[in-house]
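Residue strings, one per chain:
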Amino acid sequence: MAQIRLTNTKTRKKEDFRPIDPSNVRLYLCGPTVYDRAHLGNARPVLVFDVLVSLLRHVYGADHVTYVRNFTDVDDKINAEAQRRKGLGSPLSLEELITERTDETIGWYHADMDALGAARPDHEPRATGYIAQMIAMIETLIENGNAYAKEGHVLFRVRSYPDYGKLSGRSVDDMIAGARVEVAPFKEDPMDFVLWKPSDADLPGWDSPWGRGRPGWHIECSAMSEDLLGDHFDIHGGGIDLQFPHHENEVAQSCCANPHAGFANVWLHNEMLQVEGKKMSKSLGNFFTVRDLLEKGIPGEVIRFVMLSTHYRKPMDWTEAKREEAEATLRKWRGLVAGVTPAASPAPAVIDALSDDLNTAGAIAALHDLAGQGDAAGLLASARMLGLLTDELADWAEAGDEAGALIEALLVARSDARMARDFARADAIRDGFAAAGVEVKDTAGGAEWALATGFDAARLKALAGEVLS
RNA sequence: GGUGGGUUGGCGGAGAGGUUACGCACCGGAUUGCAAAUCCGUGAAGACCGGUUCGAUUCCGGUACCCACCUCCA
């Protein structure tokens, strides 16, 4: 069995992965703030972790991995949306409107990630379900001298944690020197960050020892991960943009609340997504959600393939050219494995690549090798380690009965024309196929077909109408 | 100012101190009524300047350029 190696942000090195408890490998991924549809960048860590979990289950056993991904459902953007709906005259209370919004968004999120073939985590805690644990953790931090309450706020005393900045490689003094830090009158130090903040009547709030209020963002993940995975677990991940301040603050909170525990052993951070070489942003007009792509007819499996074709620690560029290439490759492979029973186990080359810091691009290269050798069973079993060529994601590549019957009938017509040496008619049918996105292969045993990029059922129907009448 | 990432053949994109990455595209051949698909094959690379080494695209140092983060952001 290949030794799994992972690049640990904490040490900035690629290290052998040694689980704390091989019978229960524990991971936590920072999930979305559920205020709107997931954009394409949100999908990257989800897919990276999906493959990681699949690899860990392969190595340690399906029942020996616990994967947690949270929903942040306490957030000012969610509040703003609820207030907007209230302003439009909704009869629901603000709390109900927030629940309405977050339930709706979570439903979308599930649908979108399902469409990419990402397995649901074992636990998907919502922050609002863990307020009591957050309050308890904050109380501990105050007792330990790491936090202080002031004017309804509770703040983390950054100077009380000597290792602050270690995860992100920053020094507290540099951060203050360079920076735009919020200087609030109730802060002892400009770097101190909020654990709890007061809510006025227009905002959701919970009763606490410090009055009615709501938690700061960072404490949510500390409380949820501790409750579900314990105070010492294996892997914690997220986008590189979360490294600071979110993860740095999580480390500070959790390590001060549980000084001898250790928190996460390995930190994994994926690089950001770009679109045609630029950061995805609303102002550049290149911002889109996963749903936008799905609605344009881009299959989830194609999105997944493109995402996994770049190593997770490199910036990933979403381009039209990659989308096309991915689709062509998947169509080819789907044709190869049609009706084939997967091999008993994935190819060693694929496991080796994934074990080497989750080298999904290398794994895909190994899949190309298998395809080139004509090892369909091996290709199928191995691709499924990456969540590709699964039955769940197969729909887009299939023609359906009606189209299939039309194609068969047209192929008979073409064959007849060729036999009669009416090549003009035969070639017209072939050109029609090409225009409709159907690829015809003349083999020794007769004509075979497959759908190609840009398959168009309507054009196929029109072609059949012309030729077969 | 601080921090991180990137720079590989026409394009995408990995690994490895010395041996073909891989895919797509291109070119040549086989095959075909002509094609397509398929098969076989040929080309083509590692920003720049130094250093270490018998040998570096791979290690070390520096330079340049690009991207991102340091503020809610996966």
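My aim in this report is to walk through the structure given alongside it, one point at a time. (Residues numbered from 1 in each chain as written. Chains lettered and ligands numbered in written order. Predicted model: local features only at pLDDT ≥ 70, side-chain atom pairs only at ≥ 80, totals over all residues. Heavy atoms only, no water.)

### With respect to the overall build of chain A
Part 1 of the reasoning: Regarding its fold elements, chain A presents 16 helices and 15 strands.
Part 2 of the reasoning: Relative to its 469 residues, chain A shows a buried fraction of 50%. (Helix = DSSP H or I, 4+ residues; strand = E, 2+ residues; numbered from the N terminus. Buried < 20%, exposed > 50% of the residue type's maximum accessible area, 1.4 Å probe, protein only.)

### What to know about the sheet that holds strand β3 (residues 25–29)
Part 1 of the reasoning: Sheet architecture is open: four strands sit in the order β4-β3-β9-β10, paired in parallel fashion. If you trace the sheet from one side to the other, it starts and ends with β4 (65–69) and β10 (263–270), each paired once. Averaged over all pairs of adjacent strands, the angle between strand axes in this sheet comes to 20 degrees, irrespective of strand direction.
Part 2 of the reasoning: Most of the contacts of helix α1 (residues 40–60) go to β3, to which it runs at about 175 degrees, and overall it touches β3, β4, β9 (232–239) and β10.
Part 3 of the reasoning: Contacting β9 and β10, helix α7 (residues 243–257) crosses the sheet at an angle of about 175 degrees to β10. (Pairing = 2+ DSSP bridges. Axes fitted to C-alpha atoms, helices over the stretch in contact; angles between N-to-C directions. Contact = heavy atoms within 4.5 Å.)

### Topic: the state of the cysteines
Part 1 of the reasoning: Tallied over the full model, the rule gives zero disulfides.
Part 2 of the reasoning: Of the cysteine sulfurs around Cys 30, a residue in no disulfide, the closest is that of Cys 221, at 3.8 Å.
Part 3 of the reasoning: When its relative accessible area of 10% is taken as the criterion, Cys 30 is described as buried. (Disulfide = S-S within 2.5 Å.)

### A look at the environment of Ala 184
Part 1 of the reasoning: Inspection of the secondary structure assignment puts Ala 184 in the loop between α5 (172–178) and β7 (193–198).
Part 2 of the reasoning: The class for Ala 184 is buried, based on a relative accessible area of 8%.

### Things to note about the packing of aromatic side chains
Part 1 of the reasoning: Per the counting criterion, the structure on display carries nine aromatic pairs.
Part 2 of the reasoning: Considering the side-chain rings of Phe 233 and Phe 263, the 5.4 Å spacing of their centres and the 85 degrees angle between planes classify their relative orientation as edge-to-face. Of the two residues, Phe 233 is situated in strand β9 and Phe 263 in strand β10; the sequence distance between them amounts to 30 residues.
Part 3 of the reasoning: In this structure Phe 233 comes out as buried when scored by relative accessible area, which is 0%.
Part 4 of the reasoning: Measuring from centroid to centroid gives 5.9 Å for Phe 263 and Trp 267, while their planes differ by 55 degrees, and the two rings are tilted. As far as the burial class goes, Phe 263 and Trp 267 line up, both buried.
Part 5 of the reasoning: What links up through ring pairs into an aromatic cluster is the set Phe 156, Tyr 164 and Phe 193. (Phe/Tyr/Trp six-rings, centres within 6.5 Å; stacked < 30°, edge-to-face > 60°.)

### Things to note about the pairing of strand β2 (residues 13–16)
Part 1 of the reasoning: Bridging between strand β1 (residues 5–8) and β2 involves four bridges; their strand directions are antiparallel. Considered in β2, the bridge of Asn 8 is made with Lys 13.
Part 2 of the reasoning: From the end of β1 to the start of β2, which pair antiparallel, there are four residues, and Arg 12 there has a positive phi angle of about 60 degrees.

### Regarding helix α16 (residues 457–468)
An α-helix turns once every 3.6 residues. As a result, residues three or four positions apart point the same way.
Part 1 of the reasoning: For α16, spanning twelve residues, the distance from its first C-alpha to its last is 16 Å, which sits close to the expected 16 Å at 1.5 Å a residue.
Part 2 of the reasoning: Along α16, the residues classified as buried are Leu 460, Leu 463, Ala 464 and Val 467. Across the axial projection of α16, the buried residues extend over an arc of 100 degrees, all falling on one side. Residues Ala 458 and Glu 466 are exposed on α16 and point more than 90 degrees away from its buried face.
Part 3 of the reasoning: The inward-facing, buried residues of α16 contact α14 (401–419), α15 (423–436) and β14 (438–443). (Expected span 1.5 Å × (residues − 1). Arc of directions from axis to C-beta.)

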